[in-house]
Amino acid sequence: MQKRPILPLLIFIALLLNFSVGYAQVDLKKLDKYIEKAQKEWGLPGMAVAIVKDGEIVMAKGYGVLKSDAPEDAADENSLFAIASNTKAFVATSLGILVEEGKLNWDDPVKKYLPDFELYNDYVTNHTTIRDLLSHRAGLGTFSGDLTWYKTNYSAEEVVKKVKYVPQAYDFRSGYGYSNMMFLVAGEVIKKVSGKSWAAFAKERIFEPLGMERTVTSVNDLLKTTNIAAPHKPKEGKEEPIEWTNWDNMGAAGGIISSVNDMSKWMMMHLNEGKVGTKTIVPEEVYGNMWRIHNPQNVSKQASEMFGNRHFRGYGLGWDLYDYEGKMVVTHSGGYDGMYSRLGMLPDEKLGVVVLTNAMQGIGTYLMYSIFDEYLEVEDGTDWAKLGLKYHKDNAEYKKGRVQQRIDSRVEGTKSSFANETYVGTYEADMWGEVNVIEKGEELYLSFGDAPALNATLSHWHYDVFKLEWDNLHAWFDFGTAHFVMDNNGRITKIIFDVPNDDFDFSEVTLTRKQSK
C-alpha cells in the first residue's frame, strides 16, 4: 500500500485548524451582551436576532418582552413579528420559480397577465414588465399611492385598478421610487399565472419545503397561535402597545409574519444557492436576476466612507444590493405599523443576519453591521448601535419639530368663513372614493366610506383649516389638518390635507366636492 506524504497532510490539517481558529474568534457571548445592551439603550420593548453561518444557525435568541405592559412574556427565537417589506423577496423568489418553470418571463409585459393594469400613460402601461415591477423603476415615487390600500376596504384586485391614478414621479426606467403598489401588482401576477394567491404559492413552494412552520401571511392567522409580539408606537418617551393592522390587501408587498428561527431557514436556503440539503427549492438561475442590479443608485462620498468603502448600490429584484468591506451584501428592511425588520446576507461568507423588533426603531440595520464587522474581523470597527441611536434620536427630534412648527404657525382668534352646514357634503378622490363631511353634534366629521378606520372629527384650527382628531390611533402619523378650499365665487370646492409623516403622502389626495345636480 502506498503511504500518503506526511507534509501535505500536515499542511491540510494546519489549514483546517486555522479556519477553525478564525471561526472561533467570533465571540457569540460578546455579541449577545452587545445586542442585549443595545436593546435596552434603544428602549425597545423586545426583539429577536438570529445569525446563520456556513449552513447552521449559530445564534437565535429573543431580547426583552413581547409587550411592554406584560413583563412576564419574554420574546424568543420563535416569537412572531411582522417582517413587512422583507416579504418582497418572497414574491420575487416566487416569480423566479415560475420563470424557471417556463410559465412567464421576467420581461413579459404586465398586461399580458393583468389586462386591466394601467399606469399614468399608455406607453408605460404597455411596456411595464415583471422586471420593472420588482426593481422600483416604473416611474412612481417612493411610497406613492399607498393611501389607496392603507386601512381601506379595497381588495388587492381593486387596488390594482386604482394604480392608474398614482402620479408619475420620474421618467420610466430612469429613476428609483420604492413602490409597494408595484409589488402588490406582482402578487396578482402570481395569482394569475399559478392559479393560487401569492400567499398560497409561497406557503406551498417556500414555507413548507423549508419547514417555516410558524410563518403566516395575515394577521387573521394570529388567532390560531401564541407567542406573538405586540406592535408598539412611541408616545411621550414610552412604547405604547397598539393593535395589529390588517395588511391583507397589500400582503404581497409586506404581509408576512414570521420568527427569526423560520427566517434563518429562509436565509440558509439562499446562502446554499436555493437548496435545502440536496433538494432544490429555488433554481440557481433565479439568482442571476434577483441578485443583479437592475436599478442602480448613487453612492455618495460620505456613504462610501461610512459603510466600508462602498463602491456600488442598487436594487435587484426584491433585494437591496451593495458592497461592504469588499463583500457583496444582499439585504432588505421592513416597516409595519409598530414593527421594523432587517435581514442581511454576505453570500461569499455564507453569513446571514435577521433582526425583528416590536417597535418602530431601525436598530436592525446597525446590529447587522455590528455582526458583519465581527465576522469580517474589521479592526477598530464602528460602534454601530451607538451611532444608530444618535441618528434615531436626531430623526425623532426632527419629526417632533416638524409638527411643532405647524402648531406654532396657528393663527389664534380666527373663525371659519361659513357655518358648519356649508362644509357638509360629499367629496371624492380617485384613491379613496367618496368621503362625506357631516355634522356630528356641534362638530364637523370626516367619514370615509371605504376607509372607516381613517374617520376623524374636524375641530377648528384657524381660518378654513380644521385639525384631524382621528377616531383611531395610527402608527405612522398623529397631527394633521384638512383645509377647505373655496373658488372665486366663495363656494367650497376641495379639501386638501397636511399630515406630516415620512410614509403616507396625504398631499397626493385632494378631495373634490361633488356638486348637487
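Bear in mind the structure is a predicted one, so any value in this text is a computation, not a measurement.

So, how was this worked out
Residues numbered from 1 in each chain as written. Predicted model: local features only at pLDDT ≥ 70, side-chain atom pairs only at ≥ 80, totals over all residues. Heavy atoms only, no water. pLDDT = per-residue confidence, 0-100. Contact = heavy atoms within 4.5 Å. Helix = DSSP H or I, 4+ residues; strand = E, 2+ residues; numbered from the N terminus. Polar contact = N/O pair within 3.5 Å; in protein donor to acceptor, adjacent residues only side chain to side chain. Buried < 20%, exposed > 50% of the residue type's maximum accessible area, 1.4 Å probe, protein only. Phe/Tyr/Trp six-rings, centres within 6.5 Å; stacked < 30°, edge-to-face > 60°. 1 Å grid on protein atoms, 1.4 Å probe; cavity = no way out; pocket = protein on both sides within 12 Å on 5 of 7 lines; lining within 4 Å. Points joined across faces, edges and corners; volume = space filled by probe spheres on them. Nonpolar A, V, L, I, M, F, W, Y, C, P; charged D, E, K, R; others polar. Core = buried A, V, L, I, M, F, W, Y, C linked by side-chain atoms within 4.5 Å. Pairing = 2+ DSSP bridges. Axes fitted to C-alpha atoms, helices over the stretch in contact; angles between N-to-C directions.

Participant: How should the confidence of the model for the protein be read in this particular structure?
Facilitator: A low pLDDT score tells you not to read the predicted coordinates there in detail. Here the protein shows a mean pLDDT of 94. Residues at 70 or above account for 95%. Under a pLDDT of 50 for its full length, residues 1-24 has, in the predicted model, six contacts with residues more than four places off or in other chains.

Participant: Would you explain the environment of D337 in this entry?
Facilitator: If you trace the backbone, D337 turns up in the loop between β12 (327-336) and β13 (339-346). In sequence terms D337 and I242 are 95 residues apart; their C-alpha atoms lie 8.5 Å from each other. When residues no more than four places from it in sequence are discounted, the contact partners of D337 are Y150, K151, P231, I242, T245, W247, M360, A475 and W476. A polar side-chain atom of D337 sits 3.4 Å from a polar atom in the side chain of T245. Among the polar contacts listed, one links the side chain of D337 to the side chain of W247, at a separation of 3.1 Å.

Participant: What is the right way to read the side chain of H136 from this model?
Facilitator: Along the polypeptide, H136 turns up in the loop between α5 (130-134) and α6 (156-162). Using a relative accessible area of 1% as the deciding quantity, one classes H136 as buried. Residue contacts for H136: discarding those within four places in its chain leaves K88, Y170, G175, Y176, G177, Y178, S179, F183, N295 and Y315.

Participant: I would appreciate a short explanation of the packing of aromatic side chains in the present structure.
Facilitator: For any two aromatic rings, the description comes down to two numbers: the centre-to-centre distance and the angle of the planes. Under the criterion given, the structure shown has 37 aromatic pairs. Relative to F477, the ring of Y150 lies with its centre 6.4 Å away and its plane at 70 degrees, an arrangement referred to as edge-to-face. Separated by 327 residues along the polypeptide, Y150 in the loop between α5 and α6 and F477 in the loop between β19 (465-470) and β20 (481-486) bring together distant segments of the chain. Its relative accessible area of 0% is what places Y150 among the buried residues. Take F477: its relative accessible area is 2%, and that puts it in the buried class.

Participant: I'm lost on empty space enclosed by the protein in this one. Help?
Facilitator: Where empty space is left in the structure can be found by rolling a water-sized probe over the atoms. The full count for this structure, using the stated rule, is one cavity of 30 Å³ or more. By volume, the largest cavity amounts to about 60 Å³. Contributing to the lining of the largest cavity are 13 residues, with V219, W247, G255, I257 and Y336 lying nearest its centre. For the lining of the largest cavity, the residue count by class is seven nonpolar, five polar and one charged.

Participant: When you look at the environment of K494 in this model, what are you seeing that I'm missing?
Facilitator: Relative to the helices and strands, K494 is located in strand β21 (residues 492-498). Separated by 154 residues in sequence, K494 and Y340 place their C-alpha atoms 36 Å apart. Residues within four places of K494 in sequence aside, it is in contact with H483, F484, V485, T510, L511 and T512.

Participant: Just checking my understanding: could you explain the nonpolar core for this structure?
Facilitator: One broad rule of soluble globular proteins: the nonpolar side chains tend to lie buried together. In this structure, L95 and W266 are the most contacted members of the largest nonpolar core, which totals 126 residues. Here the element with the most residues in this core is helix α7 (residues 180-194); it accounts for nine residues. Other than its neighbours up to four places away in sequence, L95 contacts L104, W106, I130, L134, A186, V189 and I190. If you look at the next biggest cluster of nonpolar residues, it comprises 33 residues, including V26, M59, F307 and V329.

Participant: Please clarify how the sheet that holds β21 should be interpreted in this entry.
Facilitator: Through backbone hydrogen bonds, the strands of a sheet pair up, either in parallel or in antiparallel fashion. Pairing is antiparallel in the closed barrel, where eight strands are placed in the order β15-β16-β17-β18-β19-β20-β21-β22. Going across the sheet, the axis of each strand differs from the next one's by a mean of 30 degrees, ignoring polarity. Taken together, the six bridges between β20 and β21 define a ladder with antiparallel strand orientation. The partner of H483 across the bridge, within β21, is I496.

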